[in-house]
Amino acid sequence: MKLLVAIKRVIDFATPIRVKPDETGVETAHVKMSMNPFDSIAVEEAVRLKEQGIAKEIIVVSIGPGQNQETLRTALAMGADRAILIDTDQVTQPLATAHILQKIVERESPQIVLLGKQAIDSDNNQTGQMLAGLLNWSQGTFVSKIMLEGETLQVTREIDGGLETLKLKLPAVITTDLRLNEPRYLSLPNIVQAKQKTIAVIPIAELAVDITPHLEILKVTAPEKRRAGIIVNSVKELIDRLRNEAQVIT
């Protein structure tokens with residue numbers, strides 16, 4: 001079985017976010033970047049499936065500029081076998097990303113495509129579902145458990161009312177949730193080996209995919225700073241402040 005894992009390079013989750021002075025987006029220059037945390041979980045799950053003997057090959061793919069090779073090498077150090085960079089300087093929106101991944105799926109013919117359920121920079125939570133629709137494949141979203149039973153994939157996903165278990169026919173698209181696993185730490189030998197592996201670079205023009213943005217970001221602003229709390233001395237004072245200052249009760 002062949003697995004394809006899509007990964008995205010984003011601002012590291014522990015890095016404070018700064019809005020650009022012109023409010024056109026967030027500052028990414030001279031900022032620590034890393035693999036999207038949900039995508040790290042997808043790579044880890046693919047590696048575990050290979051360790052169980054279920055998968056024979058893991059291919060990781062990323063869309064973006066040359067700096068994305070660093071993120072791909074992280075995935076290679078985790079245990080991926082091959083890496084593909086779709087080279088473009090333009091930021092791709094979810095539908096364009098899904099079309100690009102569709103082209104790679106047609107080339108590589110994997111049985112399962114794994115993605116993080118969302119990227120922490122845009123929080124769209126759309127690419128996996130769009131890709132499954134374009135491919136007409138089964139899909140399991142927000143997955144917290146995966147089991148392979150013959151030609152079917154049993155997944156557990158979180159819903160508002162609790163947990164839902166689905167059986168999916170292969171091929172399938174899976175988007176991973178936080179509770180699926182905990183990604184491993186990278187060992188020094190694996191990091192060194194990953195640096196020696198070749199990354200296939202495909203120019204975006206070769207795929208003949210329209211990546212023209214359909215959405216325009218008008219303005220990005222930082223959230224209002226949280227105001228200090230107030231300690232009240234009695235219930236009467238609390239009600240008075242809620243009525244006259246906050247005006248949330250009448």
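See the structure shown above.
For clarity, every value in this text was computed on a predicted model and none was experimentally measured.

Caption draft 1: A look at unusual backbone geometry. For the bond from L170 to P171, the omega torsion is 0°, close enough to zero to count as cis. Topologically, P171 is positioned in the loop between β9 (162-169) and β10 (172-176). Despite not being glycine, H30 has its phi angle at roughly 60°, a positive value. Note on placement: H30 falls in the loop between β2 (9-11) and β3 (33-35). With phi around 55°, D123 is a residue other than glycine that occupies positive phi space. Along the chain, the position of D123 falls in the loop between β6 (112-116) and α4 (127-135). The class of D123 is partly exposed, set by a relative accessible area of 45%.

Caption draft 2: Layout of the pairing of strand β8 (residues 152-159). Strand direction decides the pairing type here: strand β7 (residues 138-149) and β8, joined by 6 bridges, are antiparallel. Bridge pairing in β8 links I146 to V155. Counting the residues in the hairpin turn of β7 and β8 gives 2 residues, including G150, whose phi is positive at 65°. With 8 bridges connecting them, β8 and β9 associate as antiparallel partners. In the sheet register, T156 faces β9, and the bridge partner there is T165. In this structure, the hairpin formed by β8 and β9 is closed by a connection of 2 residues.

Caption draft 3: Local environment of helix α3 (residues 94-108). For α3, spanning 15 residues, the distance from its first C-alpha to its last is 21 Å, which sits close to the expected 21 Å at 1.5 Å a residue. Within α3, the full set of buried residues consists of P94, A96, T97, A98, I100, L101, Q102, I104, V105 and E108. Downstream of α3 by one or two residues, S109 has phi in the positive range, about 55°.

Reading the values: rules and limits
- Residues numbered from 1 in each chain as written.
- Predicted model: local features only at pLDDT ≥ 70, side-chain atom pairs only at ≥ 80, totals over all residues.
- Heavy atoms only, no water.
- Helix = DSSP H or I, 4+ residues; strand = E, 2+ residues; numbered from the N terminus.
- Buried < 20%, exposed > 50% of the residue type's maximum accessible area, 1.4 Å probe, protein only.
- Pairing = 2+ DSSP bridges.
- Expected span 1.5 Å × (residues − 1).

Remember, this is a structural readout, not a statement about activity or role.
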